[in-house]
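Structure at a glance
Chain by chain, the residues run as shown.
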Amino acid sequence: MEETVRGRLLQHLEHLTSEELEKFKLFLLDYIPRGLLEGANRAKVADLLVSLLTEQEAWELALIVWEKMGQMELLERARMDVFSSTRRDQKRNNDERIKYRERVREKFQFIREKNLRPGEHELFHQRFTQLLLLREFRIKEEKQHELLAQGWEHSQVIEERGQFIEVSALFDPDQRTGDPPHTVVLQGAAGIGKTTLAIKVMLDWAKENLYQERFNYVFYLSCRELNSLGERKISFANLIVNEWPDPWAPLTEIMSHPERLLFIIDGLDELKFPCNEHRFDLCKDWKQQRPVSLLLSSLLRKTLLPEASLLLTTRLTALGKFSPLLENPRHVEILGFSVEHRKEYFCKFFGNVDLGKKVFSLIEDNNVLFTMCSVPLMNWIVCTCLKQQKEKGRDPVQALKTTTALYMCYINSIIPDDKTFVPQHLKGLCSLAAEGIWEKKILFEEEDLRRHDLEAVNVSAFLNLNIFQKDSGYENCYSFIHLSFQEFFAALFYVMSTDKEGVRRPDSSIPDVKKLLEEYSRDDASFVELVVRFLFGFLNAETARDLEKKFRCSMSPEIKSQLLQWAEGENQRDYEGSWYPSAHLPLWYSFVYETQDAEFASQVLNNVHEIKVDVFSHYEALNAVFCIKHCPRAWRIFFSCRFVLPDGIWQDLFSVVSKNQNLKELFVDPKKSSCPWEKLCVELRNANCKLEKLRLENTKGTYSGFQGLCSVPTLKSLHLNNISFETDYMKLPWESLGKKNCQLQTLSLQFCHFKNPPSQILSSALNSNEILKTLDLRGVSFKETEIELLWKVLENPKCKIETLRMHCHNIKNTHNLLSALNNNVSLKNLYLKGISFNESERKVLGNDLGNPNCKIEKLRFQSCHFNTACFQNFFSASNESLKHLDFSDTWFAEENINLLCKTLENPNCKIETLRLQLCHFITTYYQNFFSALNSNESLKNLDMSDTFFKEEKIKFLCKFLEDPNCKIERLRLQSCHFNTECFQNLFSALNSNKSLKNLDLSKTFFKKQEDINLLGKAFENRNCKIETLSLQSCHFNTECSQNFFSALKSNESLKNLDLSKTLFDKVKDINLLGKVLENPNCKIEALSLKNCKISYTDLETFFSALSSNKSLKNLDLRQNSFKKEDIELLCKALGNQNSNIEELRLSCNLPLACLQDLFHVTWRSKSLKTLTLRNSFQNNDKGIKLLCEALENQNCKLQTLRSALRLALTLVQQSSLTTTPAVPSDPWTRKSGNCPLFHGLMCPQESRHSAQLWLQLCSQ
């Protein structure tokens, strides 16, 4: 093209005379150096223009100069020449574009299935099936492996999430900014269809069905092919036109409009180049020859052709590496096939609609297969296996239960039974696969094969089986048919026996199983996840037999032991003894499920005692239920699911009730889907069932199911919350409550819905039930006639209910309730929300509460409505049993406040606790209220949390606190709102008060530094007598911390300081607290820094203060991420003879060295008597051994050890420890509340350690 422009320039310059040429050169001096123009002839001038300027610039400059020279005839002739040339160029460009489209169609129109015979192929459009694209970026997927997780979730995603996008809209403008994206990232799991979709874009553009108005040219770049070019230098222009149909490509025309170019870069995750070059080294010129890696990096980072658009495909795990390189990318996630598209794929695969639907029906009821088929690769493998298994007359479904089984089924289908492999060749293929995984390499050259003792002739057996393939793009290059098959053979590499003749020991350059598992445990190491999954799958007995049969190899006991130890370590790594709810299950659950080995699963889960799972897909449910079934020591299970589960999975889950005799508590939340209660009742009635507490929430139920639950003899506590009951032609279940086999002590029916609400049967049943102690009917709707029957139940002398909770919004007549309170001698706790008393009941209210028979000790009226008459009668009652009164969220009129005040002033008032949280007083009423408090001799606790205090209100509170008659010992002002003047008055009042011992200012927002300074001054005053101060969830900056902690140095009354969940800006703030503890005047006995997010080091000042402080007895450091150096300083301080700390609480993962230091403290410290350890045993066996050694030491003064249940039961089993005769042998000894409290342990008599050890089994 440059030669054409030069020729045109030269042609027109020939029309100039010598004088005109010299004048022309004078006009060029601003663009071309004078030295180059001197003596230049017409040809030289043309050469200089096209070489020093771009083609377009040279031509436009010539036209401008000719116009300035007045050469109008020459100018017009040149313009006409350009017009004619442009039309010729356009026609030629269109012709070139048509040729390129035809070439693209030829290249991509055929799709070759991996199981087709040589020469067979299918048209792309006949097999392509629509994929679901989600216009969103889901961070949680980054830590999961690519192959299966997406597909197993996608049905739920369809139901709950929704911003789907069509391929044609990938580059549409953003709705928020209005700007179109220049980079679109198609992300998804392996086999999800990323490459297929990229090819679909190429074909649709080539067929003029896509992006015609947006892109003139679309180019496809495969990262797999680019890897083979290595550091070879090439221009970007030559790189993209490598397969141009003609030897000559219109590069100038292509690059003249970069904004109309689309580059599809497929397989970004496969790229071996780091793309981390310095920005100054990047390439800007598409004609310049540079290494391929640098050209690609320049394109991705928008240095090269910044106006061009990019469509990238990548696995999810590569996003972390490449995201920083991309400018404002639009992320689109490929979710795979919808349900309808799965069926469509089956029909296309089998080439017959009826046959496809028939075969598809085989997998619809199989959750694993059905969800697997959402991933296109899995769909292809499943279809292939189903087709071949069915042709052989075998049951195809049972053979495909796990990922490993699926691949083994495929391997079995393509490898004949009589096929034998040369051991050295199979070993070479497996080591090649493993090396490729570690080096993230999937395209292998012949040199790679030779390094693993393979030649082209050696791999022919694998080529013929379509396991290994010769790459179609490059000669003498090979790859596995898919990365997942490479991962399969990489796992096989670790399994192959090393003691058979002809098989070498594993290549030392390839990391061993231990390093493989360590690598997986790290963040962003999911490239080895499927290898690990296959290793666990190979533990399955049937799979192991297939491996022996097909490959003559078997799993060594050593590897099985390593997998077991690793799984146990994963179980203990994050949480000690319990699984906490999270958005998704930890992936190691699925590894245990992959084995389908009950014995192995039980070994892994042997020390798990509490399980909490929230599952989001069928596959996750299968994983969780399998693990739950083989968790023999679990005593509490929480199971929640967010979709409809088939009865088979529920049956498996409920079978645990009868099989696990340790199970005491079961919580099930199906999230408004149904679960088969009848199956649960069958398991509960089993003689082996020991369940004591059951909670079912957010589901549908039947009366027969309710009856069954009430009849379970072991069940002590039944919570049915938010259940919609449907009649099943059974009687209402209430009569079951009156039968002798009903042992329920607690019944909760919160927000349950009955088609036929409770009736007389409920009354009759409760009348005859002398066991039920707690009844929770909050949110249950009653008719007037029905509620009156309930009041009669309470009135019956046989009624033993001690606690009743109800919502009373719809209750108009409360007369019988009041009568029941008058006669009931067992009711001690009454909670009523939303109740209203009418005129006829106001007198009765006071009389009933004042009756000597009324034994209510705790009365809560939340959000209730009382008119003045009701308040008058209520407050006139003389009830000496009432100790706790709660009027939270109640509006008090002036008369009502006055009545409350009179009650508090009454000498007979015995109320000790008054809660007025979220109550509303008019400012003028506060004076009378606080004046009345000063007259009350019994009130010790006052809660006015969530109150908005203005200046006038706070003055009345302060006056009350300053009064010598004030008897309040505890004041809660959580989440209150104070301005600076309010703080000043409040903290000033504290100095005058002699009774207040406990002040709670948690969740208080200190707007100004001055506010916290005022608090400091209050505690600096010697008259301040507060012993307990709670500042939970407050925030201090460094200056505030300095002033506040400095003030505490001189305070001699403060004994308990709670700074839980308080965020400190710097390590300096914690060390300032250490300065307080160092002060001889400091009297703090208990300090809580729980969950303060302390994760920094250099806490030497703080920890050294612990050794010199003589008052501190209790230190709570739970839920902080201390470093090893901090634990060493802590242990050093505790071991100091001057330390008086008696109780220490920790809950962080500690390495073995830290545990050793900590346990040495138990016998070096003269004061430490109580130690709490939660989540502290990263190495179970060695850590517990160290603990046992410490406990047996004669100098150990430890009396109480609180830890997770797993640790406690392990210690029971240690040979050096035995249970004391005084303690029941049942480790589930309970007190009220159905919660394990303690189990006694003691060293043998010959041990010099004589102190009794109580292991408190904390479930919280």
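Reading the values: the criteria
Residues numbered from 1 in each chain as written. Predicted model: local features only at pLDDT ≥ 70, side-chain atom pairs only at ≥ 80, totals over all residues. Heavy atoms only, no water. Core = buried A, V, L, I, M, F, W, Y, C linked by side-chain atoms within 4.5 Å. Buried < 20%, exposed > 50% of the residue type's maximum accessible area, 1.4 Å probe, protein only. Helix = DSSP H or I, 4+ residues; strand = E, 2+ residues; numbered from the N terminus. Contact = heavy atoms within 4.5 Å. Pairing = 2+ DSSP bridges. Arc of directions from axis to C-beta. Axes fitted to C-alpha atoms, helices over the stretch in contact; angles between N-to-C directions. Parallel < 35°, antiparallel > 145°, perpendicular 65-115°, else oblique. Left-handed = near helix turned anticlockwise from the far one by under 90°. Salt bridge = Lys/Arg side-chain N within 4 Å of Asp/Glu carboxyl O. Nonpolar A, V, L, I, M, F, W, Y, C, P; charged D, E, K, R; others polar.

**As for the nonpolar core**
Ranked by size, the top nonpolar core spans 356 residues in total, and within it L170, F236, F489, F639, L720 and F929 carry the most contacts. Take this core: its biggest share by element is 10 residues, from helix α23 (residues 483–495). Look past the residues within four positions of F929 in its chain and what remains in contact with it is L900, C901, L904, L914, L916, F921, L942 and M944.

**Some thoughts on the sheet that holds strand β12 (residues 468–470)**
Within the open sheet, the 3 strands sit side by side as β11-β13-β12. Their pairing is antiparallel. Looking along the sheet, the strands with just one partner apiece sit at the ends: β11 (444–445) and β12. Sheet topology places β12 next to strand β13 (residues 477–480); 3 bridges connect them, and they run antiparallel. In the sheet register, Q469 faces β13, and the bridge partner there is S479.

**With respect to helix α32 (residues 677–684)**
For α32, every residue scored as buried is listed here: W677, L680, C681, E683 and L684. When α32 is viewed along its axis, its buried side chains cluster within an angular range of 160° and face the same direction. Taken together, the buried residues of α32 touch α31 (647–659), β16 (665–669), β17 (693–702), α33 (703–710) and β18 (717–726).

**Notes on the packing of helix α19 (residues 403–414) against helix α26 (residues 541–551)**
A packed helix pair is summarised by two numbers, namely the angle formed by the two axes and the spacing between the axes. Contact geometry for α19 and α26: axes closest at 11 Å, N-to-C directions at 30°. In terms of orientation, α19 and α26 fall into the roughly parallel class. When you trace α19 past α26, the crossing you get is left-handed. Residues T404, M408, I411 and N412 of α19 form the contact with α26, whose own contacting residues are T543, D546, L547, K550 and F551.

**Focus on the pattern of salt bridges**
Counting across every chain of the model gives 32 salt bridges. A salt bridge links K200 to D204; the shortest N-O distance between them is 3.4 Å. Of this pair, K200 and D204 both sit in helix α9 (residues 194–206), 4 residues apart, which is roughly one turn of that helix. Residue K200 is classed as partly exposed on the basis of its relative accessible area of 22%.

**Quick notes on the sheet that holds strand β7 (residues 261–266)**
Two modes of strand pairing occur in sheets, parallel and antiparallel, and in both the strands are linked by backbone hydrogen bonds. Strand order in this open sheet of 6 strands is β3-β10-β4-β9-β7-β5, and the pairing throughout is mixed. Only two strands of the sheet have a single partner each, and these edge strands are β3 (132–134) and β5 (217–222). Strand-to-strand twist of the sheet, defined as the mean angle between neighbouring strand axes without regard to direction, takes the value 20°. Judged from the 3 bridges that link them, β3 and strand β10 (residues 330–336) form a sheet pairing that is antiparallel. Paired with L132 across the two strands is G336, which belongs to β10.

**Re unusual backbone geometry**
If you check the backbone angles, D453 has positive phi at about 60° while not being a glycine. Locating D453 in the fold gives a position in the loop between α21 (446–451) and α22 (460–464). You will see that R552, though not glycine, has its phi angle at about 55°, which is positive. R552 gets classed as partly exposed once you look at its relative accessible area, which sits at 43%.

**Concerning the packing of α32 against α33**
It is the contact of α32 with α33, at a shortest axis distance of 9 Å, that shows an interaxial angle of 15°. Viewed along their axes, α32 and α33 adopt a mutual orientation that is roughly parallel. In the crossing of α32 with α33, the sense of the turn from one axis to the other is left-handed. Listed contacts from α33 to W677, E678, L680, C681 and L684 of α32 are S704, G705, F706, G708 and L709. Its residues placed into classes, the contact of α32 with α33 shows 6 nonpolar, 3 polar and 1 charged.

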